[in-house]
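Report on the structure
Listed below, chain by chain, are the residues.
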Amino acid sequence: MDTILWGGATASSQYEGGFDGEKGMDTQDCRPYLPRTSNATTETRLLTNERIQQAKTNEAGLFYPFRKGSRGVDFLEEDIQLLQELGIDLYRFSISWSRLFPKGDELVPNEAGVLYYDRVFNSLKEKNIKIFLTMNHYAVPLNIVETYDGWKNKETIELYMRFSEFVLDRWGEYVEYFLPFNEINAGYFSPFNGVGLIKPEQGNYSFTDVFQSLHHQFVASARTIKLAREMKLKGTFGSMISCFCYYPLTPKPEDNLKLVQDEQVNQWFCMDVLSKGTYPYYMTPFFEKNQVVLDTTEEELELLKTYTCDFVSFSYYSSSIATTEEDGKQTAGNLVVTTKNPYLKASEWGWQIDPVGLRTTLNKVYDRYDKPVIISENGFGANDVLEVDGTIKDPYRIDYFEQHFAEILKAKTDGVDVRAYIAWGIIDIVSAGSCEMAKRYGVVYVDADSEGNGDYKRYKKQSFDWYKEFIEEQKKG
Ligand code: BG6
């Protein structure tokens, strides 16, 4: 069995910055930083048209953190040097759609964007770091959202194909692992980020819009795989979901049934389509109940069947609870809110820490899909402190890594074909959920606060040395 590749990840919108003049405005650029209150995350995640217009004029004088990211564009070479020093095998990053095609519907890409990514791919190649490329990580050019209604429109598939064809053609040879869409099930929980749908001023999203948009992403993913196979690229293609590792709150049969149903719709649905090539049986009653009517063609369904993914990947941060009881104590998690688990501790943001859940998830994913598995995101968000002597002591992150890595190695012994582990936000980046810089995941500290103050200088954290040593040990075998 192959050995595990150990990696680290960023995403363009959270890392790059370089907004002024160099790229078009995208959905993430419209999300303001709002100090933590109970509904700040929802307000900055599910944008209404009013919020978008406010972002365009910036009359309210708010700070838009994704426009600055971690100023990766300015620190690129230094960052890649740090990644080489860390010794990671694999770097996961994404291409900003609106840096290449500022409005998303141009026929020719923006030269500055092309040159920037030439630098990224070439620097990584020079340093011998393998590439896991997320082609699209949430951010959608704003023009596609406003003029085309985001992924709801079949035309957006064609715009994405123009983008993906350019990417495959220019940089396809550099890539080991391709991922057409980050956490595709996020489209369901976070339709603005995931599928570029503006939140109605009153009420909620229409389910038909959300699932129609997801269908179009499935088709775009299949068509991209088709294209890459025709181009005979050596890299393999994956799909990615966010995994929630549900437990039933009690042994009550109804709680266990709820677990199965929550997993099906919230977690497995998108990967079932992308990996098995057909819509799963359980979505028929779900669609009926929620009056979802999809517009699909024979040709699209045939594409899904023929061009399934080669590997499966997922993000895993914490576990969740399934219950039919509505009145349990709630806590946050990646994309979903869940009931508190009395057996687990949680981060400052309420995400429950559960290393064993990662082993369980690896087994479940492998059992269900029987394809190589990659943990494409995992890590611990904390408000680290830069000491006056330039050190950052983050023993909690080392603990988190240590415990989760032990469970990955156990899953490998269970027989799961784990190919890679990718630590999220390897260099501190803006949080995708809360738009804060204070929620840091990196082993490299970036000296900036949630309002964009600071010089963005890089400092190695205590966890940097720990991860570096761990990787060296793994290589010795
Ligand atoms: C995943 C996303 O949902 O979780 C990342 O793919 C995100 O973009 C990560 O950063 C962690 O979430 P957050 O909200 O803590 O940044």
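As a starting point, this report considers the structure included with it. (Residues numbered from 1 in each chain as written. Predicted model: local features only at pLDDT ≥ 70, side-chain atom pairs only at ≥ 80, totals over all residues. Heavy atoms only, no water.)

**Points about the overall build of the chain**
Within the chain one finds 17 helices and 14 strands. By the burial criterion, 61% of the 477 residues in the chain qualify as buried. Of the contacts formed within the chain by residues at least 6 apart in sequence, a portion of 77% connects residues at least 24 apart. Of the roughly 18,800 Å² of accessible surface on the chain, a fraction of 49% belongs to carbon and sulfur atoms. The average position of the 52 basic charges and that of the 71 acidic charges among the side chains of the chain differ by 2 Å. (Helix = DSSP H or I, 4+ residues; strand = E, 2+ residues; numbered from the N terminus. Buried < 20%, exposed > 50% of the residue type's maximum accessible area, 1.4 Å probe, protein only. Contact = heavy atoms within 4.5 Å. Areas by Shrake-Rupley, 256 points an atom, 1.4 Å probe, with all protein chains shown as cover. Lys, Arg positive; Asp, Glu negative; His and termini not counted. Charge placed at Lys NZ, Arg CZ, Asp CG, Glu CD.)

**Structural notes on the pattern of salt bridges**
Tallied over the full model, the rule gives 33 salt bridges. For aspartate 384, the salt bridge identified is with lysine 461, shortest N-O distance 2.5 Å. Placement of aspartate 384 in the loop between β11 (373-378) and α16 (395-414) and of lysine 461 in the loop between β14 (458-460) and α17 (462-476) is noted, with a sequence separation of 77 residues between them. Residue aspartate 384 is classed as buried on the basis of its relative accessible area, which comes to 4%. On the basis of relative accessible area, lysine 461 is assigned to the buried category, the value being 1%. (Salt bridge = Lys/Arg side-chain N within 4 Å of Asp/Glu carboxyl O.)

**Topic: helix α6 (residues 111-126)**
Here α6 contains 16 residues, and its C-alpha end-to-end distance of 22 Å stays within 8% of the 22 Å for a straight helix at 1.5 Å per residue. Within α6, burial applies to Gly113, Val114, Tyr116, Tyr117, Asp118, Val120, Phe121, Ser123 and Leu124. Buried positions along α6 lie against α1 (12-15), α4 (72-86), β2 (90-94), α5 (97-100), β3 (130-134) and α8 (155-171). Two residues or fewer past α6, asparagine 128 is found with a positive phi of approximately 65°. (Expected span 1.5 Å × (residues − 1).)

**Examining the site of the ligand**
The environment of the ligand is made up of 15 residues, and the closest members are Gln14, Glu183, Glu377, Lys439 and Tyr441. Within the contact set of the ligand, an oxygen atom lies 3.5 Å away from a side-chain nitrogen or oxygen of tyrosine 138. Tyrosine 441 places a side-chain nitrogen or oxygen 2.6 Å from an oxygen atom of the ligand. Considered on its own, the ligand offers 380 Å² of accessible surface; in the complex 97% of this is hidden by protein. When grouped by side-chain class, the residues that make up the shell around the ligand number six nonpolar, six polar and three charged. (Near = heavy atom within 4 Å. Polar contact = N/O pair within 3.5 Å; in protein donor to acceptor, adjacent residues only side chain to side chain. Nonpolar A, V, L, I, M, F, W, Y, C, P; charged D, E, K, R; others polar.)

**Describing the pairing of β11**
Most of β11 is tucked away: six of the six residues are buried. As defined by bridge partners, β11 adjoins strand β12 (residues 418-423) across four bridges and the pair is classed as parallel. Across the sheet, isoleucine 374 pairs through a bridge with alanine 420, a residue of β12. Traced from β11 through α16 to β12, the parallel crossover comes out right-handed. (Pairing = 2+ DSSP bridges. Right-handed = clockwise from strand over helix to strand, strands pointing away.)

**Digging into the pairing of strand β5 (residues 236-242)**
The element β5 is largely enclosed, with a buried count of six among its seven residues. Judged from the two bridges that link them, strand β4 (residues 177-179) and β5 form a sheet pairing that is parallel. Along β5, the bridge assignment pairs tyrosine 177 with threonine 236. When β5 meets strand β7 (residues 311-315), the two strands line up parallel, connected through five bridges. Residue serine 242 lies in a different strand from β7, and its bridge partner there is serine 315.

**Considerations on the packing of α6 against α8**
Axis separation between α6 and α8 bottoms out at 12 Å; the angle between their running directions is 45°. With respect to their mutual orientation, α6 and α8 come out oblique. Of the two possible hands of crossing, α6 and α8 adopt the one that is right-handed. When α6 is examined against α8, the residues Val114, Tyr117, Asp118 and Phe121 are found in contact with a partner set consisting of Phe166, Arg170 and Trp171. For the contact of α6 with α8, the class distribution of residues is five nonpolar, no polar and two charged. (Axes fitted to C-alpha atoms, helices over the stretch in contact; angles between N-to-C directions. Parallel < 35°, antiparallel > 145°, perpendicular 65-115°, else oblique. Left-handed = near helix turned anticlockwise from the far one by under 90°.)

**Considerations on the sheet that holds β7**
The eight strands are arranged β1-β2-β3-β4-β5-β7-β11-β12 in a closed barrel whose pairing can be described as parallel. Adjacent strand axes in the sheet meet at a mean angle of 25° when their direction is disregarded. Note: strand β1 (residues 5-9) against β12, four bridges, orientation parallel. Bridging from a neighbouring strand, leucine 5 pairs with alanine 420 of β12. Packing against the sheet, α6 makes contact with β2 and β3, and its axis sits at approximately 170° to β2.

**Digging into helix α12 (residues 253-276)**
Note on helix geometry: an α-helix contains 3.6 residues per turn, so any two residues three or four positions apart are oriented the same way. Under the 1.5 Å per step criterion, the end-to-end length of α12 is only 29 Å for 24 residues, more than 12% shorter than the ideal 34 Å. The largest bend along α12 measures about 65° and falls at tryptophan 268. Taken from the residues just after α12, glycine 277 is the one with a positive phi, measuring 90°. (Bend = angle between axes of the 7 residues up to and from the residue.)

**Observations regarding the side chain of asparagine 266**
Within the secondary structure, asparagine 266 is located in helix α12. Under the relative-accessibility criterion, asparagine 266 is labelled buried at 13%. Excluding its chain neighbours within four sequence positions, the residues that come into contact with asparagine 266 are Asn185, Tyr188, Phe189, Phe244 and Tyr246.

**Regarding the packing of aromatic side chains**
Counting across every chain of the model gives 53 aromatic pairs. On the numbers, 6.4 Å between centres and 90° between planes, the contact of phenylalanine 101 with phenylalanine 166 is edge-to-face. Taken together, the residues span a long stretch of sequence, with phenylalanine 101 in the loop between α5 and α6 and phenylalanine 166 in helix α8 at a distance of 65 residues. For phenylalanine 101, a relative accessible area of 2% gives the class buried. Taken together through their ring pairs, the aromatic side chains of Tyr188, Phe189, Phe207, Phe211, Phe218, Phe244, Tyr246, Phe269, Tyr279, Phe286 and Phe287 make up a single cluster. Over the face of the ring belonging to tyrosine 445 we find arginine 440, whose NZ or CZ atom lies 4.0 Å from the ring centre. (Phe/Tyr/Trp six-rings, centres within 6.5 Å; stacked < 30°, edge-to-face > 60°. Lys NZ or Arg CZ within 6 Å of the ring centre and 35° of its normal.)

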